[in-house]
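Summary of structural features
Take a look at the letters that make up each chain.
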Amino acid sequence: MVEQIPLAFEHRLRPSFNSFYPGKNQEAINHLIQCVSFEGEQQLFIWGSSGLGKTHLLQACCMLAEEQKKTAFYYEFIHPDLPDAGLLNGLEDYEVVCFDNIDAIAGHAEWEQQFFNFYNRHRDNGFRLILSSTCPPNWLTIELPDLKTRLNWGLTLKLQALTDEEIILALSFRAKQLGFDLSPQVGRFLFNRYARDTVTLWQLLTELDHATLAAKRKLTLPFLKQILGKHEPP
């Protein structure tokens, strides 16, 4: 297990498009940027398994919208608890609205009806709606037929998982965004001997960033092993 580093630095990596390693998802990113800029689709639905960066991309959409002086709103639904559907009141006036994990409202009659009403008002205003889920919209267990139809409008984009080599490249890319260098050798060590899921690796990079700042040292392989409490196998 990783030794916890007892430091409380604020995360320095903002969720922008520039801080996202695209892999094979550059086309999806282009569609998101065009949507927010009112040059592309009015509605986008992005889906894929956990850990692919859906949350990062939706937050990046709101950041870009704010940079363009547009009103933006982001909300992440957390299973299984839903907030009061009154959350939707007034959102039809926001130019860019992003809902993460929209599948969470499936089967909740009040939420489905209220979201349907919001959807129609927001679309009539010509504004942009970006949704995410772990499955495509036609697989959602939405019980309100008209809402399910509308969620299938617009463009649906599947995020592609990174290959093993792309994950190692993404580690170096993300480390540089944080402000430190991570060599391919260190990246392979982390990937092969510590973790292979991106969520764990991204969190680990933040801890390594804190450790290098605190120690005022570069992230060499010996220093990495010291942090992780790991040693080369015989």
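To be clear, the structure that these remarks concern was listed above.
Remember, predicted model here, so these are calculated numbers, not experimental data.

**Here we look at the sheet that holds strand β5 (residues 155–158)**
- Taken in spatial order, the five strands make up an open sheet running β2-β3-β4-β1-β5, and their pairing is parallel. Bordering the open sheet on either side are β2 (72–76) and β5, each of which pairs with just one other strand. Taking the axes of each pair of neighbouring strands and ignoring which way they run, one obtains an average angle of 15° across the sheet.
- Sitting on the sheet, helix α2 (residues 54–67) touches β1 (43–47), β2, β3 (96–100) and β4 (128–133), and the angle it makes with β2 is about 165°.

**Some thoughts on the packing of helix α1 (residues 26–36) against α2**
- Where α1 contacts α2, the two axes come as close as 9 Å, and the packing angle between them is 35°. Here α1 and α2 pass one another in a crossing that is right-handed. Residues Ile29, Leu32, Ile33 and Val36 of α1 form the contact with α2, whose participating residues are Leu57, Cys61, Leu64 and Ala65.
- Tallied by class, the residues present in the contact of α1 with α2 amount to eight nonpolar, no polar and no charged.

**A look at the pattern of salt bridges**
- The full count for this structure, using the stated rule, is three salt bridges.
- Here Arg121 and Glu92 are joined by a salt bridge, their closest N and O atoms 3.5 Å apart. One end of the pair, Arg121, is in helix α3 (residues 109–124); the other, Glu92, is in the loop between β2 and β3, with 29 residues separating them in the sequence.

**Side note on the packing of helix α5 (residues 164–178) against helix α7 (residues 198–215)**
- Close contact between α5 and α7 brings their axes to 10 Å; oriented N to C, the two are set at 35°. Crossing angle aside, the handedness with which α5 passes α7 is right-handed. On the side of α5, the interface is formed by Ile167, Ala170, Leu171, Arg174, Ala175 and Leu178, while α7 contributes Thr198, Leu201, Trp202, Leu205, Thr206 and Asp209.
- Here the contact of α5 with α7 is composed, by residue class, of eight nonpolar, two polar and two charged.

**Considerations on the pairing of β1**
- For β1, a buried count of five out of five residues is recorded, marking the element as mostly surrounded by other parts of the structure.
- Neither face of β1 is left uncovered, since the one carrying Gln43, Phe45 and Trp47 and the one carrying Leu44 and Ile46 both have all their residues buried.
- With five bridges connecting them, β1 and β4 associate as parallel partners. Considered in β4, the bridge of Trp47 is made with Ser133.
- Note that β1 and β5 share four bridges and pair parallel. Counterpart to Ile46 in the pairing with β5 is Leu157.

Thresholds, definitions, all that
Residues numbered from 1 in each chain as written. Predicted model: local features only at pLDDT ≥ 70, side-chain atom pairs only at ≥ 80, totals over all residues. Heavy atoms only, no water. Pairing = 2+ DSSP bridges. Helix = DSSP H or I, 4+ residues; strand = E, 2+ residues; numbered from the N terminus. Axes fitted to C-alpha atoms, helices over the stretch in contact; angles between N-to-C directions. Contact = heavy atoms within 4.5 Å. Left-handed = near helix turned anticlockwise from the far one by under 90°. Nonpolar A, V, L, I, M, F, W, Y, C, P; charged D, E, K, R; others polar. Salt bridge = Lys/Arg side-chain N within 4 Å of Asp/Glu carboxyl O. Buried < 20%, exposed > 50% of the residue type's maximum accessible area, 1.4 Å probe, protein only.

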